[in-house]
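The primary structure of each chain is shown beneath.
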Amino acid sequence: QGGFIWDWIDQGLLEKDSNGKEYFAYGGDYGESPNDANFNINGMIAPDRKPHPAMIEFKKIAQPVNFSFTLNTEKNDFTICVTNQRYFSSLDDLQWKWTLRIDGFILEEGTCLFPELMTPKTTKSVVVSALKTALDRHGVDTVIKRRESEVHLNISVFCVPTTNKGEIKPVSELEEYPEVASEQFALCNNRSIATYLPPEIFDKRATKEAKLPEEDGKISLSANCCRATLSKGSASVEYVQNSTTVIFGIRPNLFRAPTDNDAVKQNGDQFNDSSKPLGKWLRLGLDCVCLDEVVTTRSSNNITLKANIYGQPGKQSYPGIALAEKVMDEILYERVHLGSYQQTINVDVDGTLHVEVLFELDESLTDLPRVGLELEIPSKLN
């Protein structure tokens with residue numbers, strides 16, 4: 001039957017601290033022992049019924065309709081492919097609107113009905129002629145050709161009580177009803193046309209290779225006012241757009257915020273529990289990995305970095321977290337070899353940065369919390 005939400009609501013008691021600030025107390029806050037610490041305050045909504053951010057993510061996962069987007073080159077129409085994700089009913093109680101935006105500003109909006117009596121778990125196409133008309137009227141195709149701005153198509157779906165058959169609510173009225181689904185398509189993001197807009201419709205991309213300057217122990221790829229630079233023998237990566245640093249670090253990540261099923265963090269007795277992996281992850285140093293023995297090479301239009309990945313147990317400290325303190329008591333700071341890492345970067349002719357990575361990890365690492373990347377960006381971009 002799929003996944004279930006285990007804890008719907010936090011189980012905490014409203015208290016005030018010494019400054020009169022309200023908070024929700026949980027296990028151990030009253031000095032009781034034993035206790036479950038924060039194990040019963042990890043729900044989707046707070047004790048006062050205010051939603052946590054996870055509710056937004058769950059809404060997206062559980063939405064009753066999904067969309068994809070294509071351009072019909074023969075009819076010169078925009079087609080929205082609609083999938084009914086419901087198991088037992090049609091989409092007749094829903095209506096949706098589209099919004100065309102340039103650099104965040106609304107150009108035009110429109111509303112649509114879903115295909116009538118749409119069978120559950122089926123997909124149908126809806127031709128949105130009004131959307132193509134709006135693009136033509138505002139000259140958006142020229143903007144996309146020149147890649148001057150960000151162009152987005154946003155879709156919102158609303159649950160509307162059944163009224164007259166075939167009646168479409170205007171945009172101003174739709175927003176009074178609850179939104180149950182949404183989607184966004186990037187038609188143009190300044191430098192790259194979205195893949196679902198065929199290049200022959202708007203513009204053909206250039207084919208010349210990115211420039212490859214090399215100086216001061218650094219290797220760079222550059223194109224269209226964008227530059228990616230790696231320092232030889234280092235894992236440091238910097239990506240610059242129009243003289244503005246966008247990314248100044250790309251590194252492997254083998255850790256995530258632990259859940260209470262990984263271990264109750266305030267329960268020190270679980271630091272070596274075979275059924276609770278958090279203690280083992282900390283002893284391997286997965287929370288603080290580094291790259292060493294770095295070798296950087298380049299081909300005609302790629303830069304490749306090869307290195308070994310090491311865990312650094314004890315490098316990060318977590319004062320006040322009982323389980324982590326127990327782990328710290330038993331380990332000595334010594335790096336743990338976890339495997340190898342290869343990273344290949346390329347800058348497309350339009351300035352787009354492409355990153356491809358390959359992890360080859362030790363076969364004993366069978367229950368890793370995460371395998372992915374961290375991108376470090378300047379705080380001024382927040």
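The structure presented is a predicted model; accordingly, all values stated were derived computationally and were not measured.

Caption draft 1: Spatial organisation of the side chain of arginine 86. Relative to the helices and strands, arginine 86 resides in the loop between strand S4 (77–84) and strand S5 (94–102). Under the relative-accessibility criterion, arginine 86 is labelled buried at 19%. At 2.6 Å, the side chain of arginine 86 and the backbone oxygen of serine 90 are in polar contact. Side chain to side chain, arginine 86 and aspartate 93 meet in a polar contact 2.8 Å long. In this view, arginine 86 contacts Pro64, Leu91, Asp93, Leu94, Pro120 and Lys121; residues no more than four positions away in its chain are not counted.

Caption draft 2: Just the pairing of strand S11 (residues 218–223), in detail. Most of S11 is tucked away: five of the six residues are buried. Pairing between S11 and strand S12 (residues 226–231): six bridges, direction antiparallel. Paired with serine 220 across the bridge in S12 is threonine 229.

Caption draft 3: A look at the pairing of strand S14 (residues 244–247). Bridge count between strand S13 (residues 237–241) and S14: three bridges; the pairing is antiparallel. What sits directly across from tyrosine 239, in S14, is isoleucine 247. Two successive antiparallel strands, S13 and S14, enclose a turn made up of two residues, where asparagine 242 displays a positive phi of approximately 50°.

Caption draft 4: Summary view of helix H2 (residues 129–137). Restricting attention to buried positions, one finds in H2 the residues Leu131, Lys132, Ala134 and Leu135. The buried side chains of H2 occupy one side of the element, clustering within an arc of 155° when seen end-on. In the segment just after H2, glycine 139 is the residue with positive phi, at about 65°.

Caption draft 5: How the structure looks around the sheet that holds strand S19 (residues 353–361). Ordered in space as S16-S17-S18-S19, the four strands form an open sheet in which the pairing is antiparallel. The open sheet terminates on both sides in strands that have one partner only, identified here as strand S16 (289–298) and S19. Ignoring strand direction, the axes of neighbouring strands in this sheet form an average angle of 20°. Pairing of strand S17 (residues 303–311) with strand S18 (residues 336–347) involves nine bridges; the strand directions are antiparallel. Residue pairing for S18: lysine 306 is matched across the bridge by glutamine 342.

Reading guide: rules and limits
- Residues numbered from 1 in each chain as written.
- Predicted model: local features only at pLDDT ≥ 70, side-chain atom pairs only at ≥ 80, totals over all residues.
- Heavy atoms only, no water.
- Helix = DSSP H or I, 4+ residues; strand = E, 2+ residues; numbered from the N terminus.
- Buried < 20%, exposed > 50% of the residue type's maximum accessible area, 1.4 Å probe, protein only.
- Polar contact = N/O pair within 3.5 Å; in protein donor to acceptor, adjacent residues only side chain to side chain.
- Contact = heavy atoms within 4.5 Å.
- Pairing = 2+ DSSP bridges.
- Arc of directions from axis to C-beta.
- Axes fitted to C-alpha atoms, helices over the stretch in contact; angles between N-to-C directions.

By themselves, these figures tell us nothing about what the structure is for.
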